[in-house]
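# Structural characterization, general
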Amino acid sequence: QVQLVESGGGLVQAGGSLRLSCAASGRIFSIPTMGWYRQAPGKQRELVATITNGGSTNYADSVKGRFTISRDNAKNTVYLQMNSLKPEDAAVYYCNARVVMHILLSAIDCWGQGTQVTVSS
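Residues numbered from 1 in each chain as written. Predicted model: local features only at pLDDT ≥ 70, side-chain atom pairs only at ≥ 80, totals over all residues. Heavy atoms only, no water.

### Things to note about the sheet that holds strand 3 (residues 18–26)
Pairing is antiparallel across the open sheet formed by four strands, whose spatial order is 1-3-8-7. Here the strands that pair on one side only, and so sit at the sheet edges, are strand 1 (2–7) and strand 7 (67–72). Averaged over all adjacent pairs, the angle separating strand axes in this sheet is 15°, with direction ignored. Examined bridge by bridge, strand 7 and strand 8 (residues 77–82) share six bridges and lie antiparallel to one another. Directly across from S70, in strand 8, lies its bridge partner Y79. (Pairing = 2+ DSSP bridges. Helix = DSSP H or I, 4+ residues; strand = E, 2+ residues; numbered from the N terminus. Axes fitted to C-alpha atoms, helices over the stretch in contact; angles between N-to-C directions.)

The following block contains the structure:
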């Protein structure tokens, strides 16, 4: 009932930049929080950054100063600008949205399909 479609992953050299996008669609009343997580091979999924619909942001220490999360509330879209990429940033990046589908319902967690980010050294 809610779909998250990601785009923007790919291969980049260390020090380069990528911009990820994630658009939510479907039965949406509001999206209090959107964010990005990542999972590298053999590791657990970890938080990268989140942003509320009021614009408050939260970042993992490992990406502070290099990554910037933003969102367009009118488009239900979240972005992740990734600069100064390092080989250790390589992972599958997943979009997350806490979606309220109806005013009387609680928020639910929705996930995108993931997009691969590869950083060559």
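That was the structure; now back to the text.
### Points about unusual backbone geometry
Although it is not a glycine, N76 adopts a positive phi angle of roughly 50°. Note that N76 resides in the loop between strand 7 and strand 8. A positive phi is found at S84, a non-glycine position, where the angle reads about 50°. Within the secondary structure, S84 sits in the loop between strand 8 and strand 9 (91–100).

### Section: the side chain of N96
Its place among the elements puts N96 in strand 9. Given a relative accessible area of 5%, N96 falls into the buried group. At a separation of 3.4 Å, a polar atom in the side chain of N96 contacts the main-chain carbonyl oxygen of C110. Among residues more than four places away in sequence, those in contact with N96 are L4, T33, M34, G35, Y37, D109, C110 and W111. (Buried < 20%, exposed > 50% of the residue type's maximum accessible area, 1.4 Å probe, protein only. Polar contact = N/O pair within 3.5 Å; in protein donor to acceptor, adjacent residues only side chain to side chain. Contact = heavy atoms within 4.5 Å.)

### A short note on the side chain of T115
Position of T115 relative to the elements: it lies in strand 11 (residues 115–120). Dropping the residues within four chain positions of it, T115 is found in contact with E6, G9, L20, A91, V92 and Y93.

### Concerning the packing of aromatic side chains
This model, assessed by the stated rule, comprises one aromatic pair. Here R19 stacks its cationic end above the ring of Y79, 4.2 Å away from the centre of that ring. Above the face of the Y94 ring, R45 is positioned so that its terminal group lies 3.7 Å from the ring centre. (Phe/Tyr/Trp six-rings, centres within 6.5 Å; stacked < 30°, edge-to-face > 60°. Lys NZ or Arg CZ within 6 Å of the ring centre and 35° of its normal.)

### What about the state of the cysteines?
Per the stated rule, a full pass over the model turns up one disulfide. Shown here is the disulfide that connects C22 with C95, its sulfur atoms set 2.1 Å apart. Across the S-S bond linking C22 and C95, the dihedral sits near -80°, which makes this disulfide left-handed. One end of the pair, C22, is in strand 3; the other, C95, is in strand 9, and 73 residues separate them in sequence. What makes C95 buried here is its relative accessible area of 0%. C110 carries a free sulfur, and the closest cysteine sulfur to it, the one in C95, is 9.4 Å from it. (Disulfide = S-S within 2.5 Å.)

### Here's the deal with the environment of V63
Looking at the secondary structure, you find V63 in the loop between strand 6 (57–59) and strand 7. Among the residues examined, V63 registers a relative accessible area of 0% and is labelled buried. As a C-alpha pair, V63 and V48 span 15 residues in sequence and 7.1 Å in three-dimensional space.

Coordinates in, geometry out; function isn't part of it.
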